[in-house]
Amino acid sequence: EGGGEGGGEGGAVRRLCGACANAGEACAEHGPENVVWKCRYCCSVATWFCWGSTHFCDGCHALQMAGRLSWVAGAGCEASRCPLRVRHPPHGEEFAIGCAVCRSRRAAG
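Residues numbered from 1 in each chain as written. Predicted model: local features only at pLDDT ≥ 70, side-chain atom pairs only at ≥ 80, totals over all residues. Heavy atoms only, no water.

Describing the state of the cysteines
Throughout this description, disulfide means a covalent bond between two cysteine sulfur atoms. Throughout the structure, instances matching the rule amount to 0 disulfides. Sulfur of C82: no disulfide; nearest cysteine sulfur belongs to C77 and is 3.7 Å away. The class of C82 is buried, set by a relative accessible area of 5%. (Disulfide = S-S within 2.5 Å. Buried < 20%, exposed > 50% of the residue type's maximum accessible area, 1.4 Å probe, protein only.)

Put into structure tokens, the structure is as follows:
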């Protein structure tokens with residue numbers, strides 16, 4: 001676990017390593033630190049894990065911090081057009097996309 005800078009309640013942002021932010025998800029071969037998550041609110045890869053429960057992409061995190069994040073519960077995307085190229089539950093639910101190492105190996109070969 002590492003420290004962050006400014007913002008958030010109490011003036012500090014806590015940042016978690018990949019293993020700590022993966023809420024029990026793990027790749028059998030590469031472990032929990034390589035699990036990639038979908039942003040809870042859109043079809044982007046998450047880069048933030050907040051409150052011990054919520055994965056955000058940079059854009060949605062910035063909107064949340066500014067108090068301007070809006071989304072429709074249960075909304076989703078059309079699987080054939082999803083930029084993540086994976087079937088996933090509707091926005092508002094946490095979803096582990098899979099292992100980054102395994103996904104890059106499949107894409108390369």
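Details of the pattern of salt bridges
The final tally for this structure, using the stated rule, is 2 salt bridges. One salt bridge connects R105 with E29, and the closest N-O pair in it is separated by 3.2 Å. One end of the pair, R105, is in helix α2 (residues 100-108); the other, E29, is in the loop between β2 (14-15) and β3 (35-37), and 76 residues separate them in sequence. For the pair shown, R105 and E29 are each scored as exposed. E94 is paired through a salt bridge with R40; the nearest N and O atoms lie 3.5 Å apart. Here R40 lies in the loop between β3 and β4 (48-50) and E94 lies in the loop between α1 (58-65) and β6 (96-99), a separation of 54 residues in the sequence. (Salt bridge = Lys/Arg side-chain N within 4 Å of Asp/Glu carboxyl O. Helix = DSSP H or I, 4+ residues; strand = E, 2+ residues; numbered from the N terminus.)

Comments concerning the environment of A75
Counting through the fold element by element, A75 comes out in the loop between α1 and β6. Given a relative accessible area of 27%, A75 falls into the partly exposed group. In this structure, the C-alpha to C-alpha distance between A75 and P90, residues 15 residues apart in sequence, is 5.4 Å. Look past the residues within four positions of A75 in its chain and what remains in contact with it is P90 and H91. (Contact = heavy atoms within 4.5 Å.)

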